[in-house]
Amino acid sequence: MKQRRSKPYVRRAAAAAGALALTAAFCWWENNGLTLTRYQWSSPKVPKAADGFTIVQVSDLHNHSFGTEQGGLLSLVAQAQPDLIVITGDIIDRNRTDLGPALTFAAGAAGLAPTWYVTGNHEFSVEEGTRQTLFQGLARAGVHLLDDNWAQLELPGGAPLLLAGVSDTALRAGDVQNVLAAARAESGLEEALTLLLAHEPQYLKSYAAAGADLVFCGHAHGGQIRLPAVGGLFAPGQGPLPEYTAGLYQAEETTMLVSRGLGNSVFPLRVFNRPEITALTLRAEGA
């Protein structure tokens, strides 16, 4: 009799173990199954010779590792065939300050295409010594720090591209317009295509007021948990049901691309929100 009564228990235990294993596999995949999202963006400021120029964005790594020596992540970046790589902050995490995963990725990225970087809030939440060690390591890897600075790049065909970046501290202080105004004044590129790197997307109106053509942001982690017809549920700086979590947004003449990012921080899980890199391809109107 005891043996007969135990059979339903065994079946229930087996079913529970199976469900637990499936849940664990699902959670692992949702937090490690990399995805590449492609976008196209056209503008009269994009010359025909630059049609097809591709910018790969990496955001919010938070010291996460994707394979040995970041092989999984670097393979996906290479698959996107970048002409330019931009890193939009939180490459490290204030709760996990081992810089190895961040610097390994940085060295690999710089070997694929010119790579530019701006800080996020986590870079300024660690000790000064850790932050400077990170910056020095990035420089040795060949990654260019663009905090509150600008660079003049050249698109195919020779047209200038103004690339500017705003640090997360300056962003929160409301200095976006000052950074872009200085970039234009110092470069003399008043009419050139202007790209801005900034960590946080909720400042879209400020980016538009500053006159950026195209802005790359992260920070929202895709809303952490994404539901159909709802989108992300929570984002830092925006709170519940955030407006800017993933994809393209428009304000006046400014387009902002928000990456769902790669890693996690305080909240350890993503749900229906796999880690993402984005690839945006410039298109010339009429090309």
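The structure under discussion appears in the preceding block.
What counts and how
Residues numbered from 1 in each chain as written. Predicted model: local features only at pLDDT ≥ 70, side-chain atom pairs only at ≥ 80, totals over all residues. Heavy atoms only, no water. Buried < 20%, exposed > 50% of the residue type's maximum accessible area, 1.4 Å probe, protein only. Helix = DSSP H or I, 4+ residues; strand = E, 2+ residues; numbered from the N terminus. Arc of directions from axis to C-beta. Contact = heavy atoms within 4.5 Å. Pairing = 2+ DSSP bridges. Axes fitted to C-alpha atoms, helices over the stretch in contact; angles between N-to-C directions. Parallel < 35°, antiparallel > 145°, perpendicular 65-115°, else oblique. Left-handed = near helix turned anticlockwise from the far one by under 90°. Nonpolar A, V, L, I, M, F, W, Y, C, P; charged D, E, K, R; others polar. Salt bridge = Lys/Arg side-chain N within 4 Å of Asp/Glu carboxyl O.

Remarks on helix α3 (residues 100–110)
Reasoning step 1: What α3 keeps buried is the set Pro101, Ala102, Phe105, Ala106 and Ala109. Each buried residue of α3 lies within a common arc of 130 degrees when the element is viewed along its axis, so the set occupies one face.
Reasoning step 2: Tucked inside the fold, the buried residues of α3 contact β2 (54–58), α2 (71–79), β3 (84–88), β4 (115–118) and α4 (128–141).

Considering the sheet that holds β4
Reasoning step 1: Across the sheet, 6 strands lie side by side as β1-β16-β2-β3-β4-β5; this open sheet has mixed pairing. Unpaired on one side and paired on the other, β1 (35–43) and β5 (144–145) mark the two borders of the sheet.
Reasoning step 2: The pairing of β3 with β4 spans 4 bridges and is parallel. Residue pairing for β4: Val86 is matched across the bridge by Trp116.

A short note on unusual backbone geometry
Reasoning step 1: Despite not being glycine, Gln81 has its phi angle at roughly 55 degrees, a positive value.
Reasoning step 2: Despite not being glycine, Glu252 shows a phi value in the positive range, around 55 degrees.
Reasoning step 3: When you line up the elements, Glu252 lands in the loop between β14 (247–251) and β15 (254–258).
Reasoning step 4: Judged by its relative accessible area of 63%, Glu252 is exposed.

What to know about the side chain of Thr194
Reasoning step 1: Tracing the sequence through the fold places Thr194 in strand β8 (residues 193–197).
Reasoning step 2: Among the residues examined, Thr194 registers a relative accessible area of 0% and is labelled buried.
Reasoning step 3: Other than its neighbours up to four places away in sequence, Thr194 contacts Leu162, Leu180, Arg184, Ala212, Asp213 and Leu214.

A word on the sheet that holds strand β6 (residues 149–154)
Reasoning step 1: Across the sheet, 6 strands lie side by side as β6-β7-β8-β9-β15-β14; this open sheet has mixed pairing. Every interior strand has two partners, whereas the edge strands, β6 and β14, have only one. Across this sheet, the average inter-strand angle for adjacent strands is 20 degrees, counted without regard to direction.
Reasoning step 2: Sheet analysis places β8 next to strand β9 (residues 214–217), joined by 3 bridges and oriented parallel. Along β9, the bridge assignment pairs Leu197 with Phe216.
Reasoning step 3: In the packing of helix α6 (residues 176–187) onto the sheet, contacts are made with β6, β7 (160–165) and β8, and the angle to β7 comes to roughly 145 degrees.

Points about the packing of α2 against α3
Packed helix pairs are specified by the crossing angle of their axes together with the interaxial distance, meaning the distance between the axes.
Reasoning step 1: Across the interface, α2 lies against α3 with an axial gap of 10 Å and an inter-helix angle of 25 degrees. Regarding the angle of α2 to α3, the classification is roughly parallel. Taken as a pair, α2 and α3 cross one another with a handedness that is right-handed. Along the contact surface, α2 presents Leu73, Leu74 and Val77, while α3 presents Thr104, Phe105, Gly108 and Ala109.
Reasoning step 2: Counted by class, the contact of α2 with α3 contains 5 nonpolar, 2 polar and no charged residues.

Overview of the pattern of salt bridges
Pairs can form between side chains of opposite charge once their charged atoms are near each other.
Reasoning step 1: Enumeration according to the criterion identifies 7 salt bridges in this entry.
Reasoning step 2: Of the charged contacts in the structure, one is a salt bridge between Arg283 and Asp51, with a shortest N-O distance of 3.0 Å. With Arg283 in strand β16 (residues 276–284) and Asp51 in the loop between β1 and β2, this residue pair connects regions lying 232 residues apart in the sequence.
Reasoning step 3: Judged by relative accessible area, Arg283 falls into the partly exposed class, the value being 28%.
Reasoning step 4: The partly exposed category is assigned to Asp51, whose relative accessible area is 29%.
Reasoning step 5: When salt bridges with common partners are traced through the structure, they connect Asp168, Arg172 and Glu200 into a single cluster.

Scope: geometric values only; no functional claims are made or implied.
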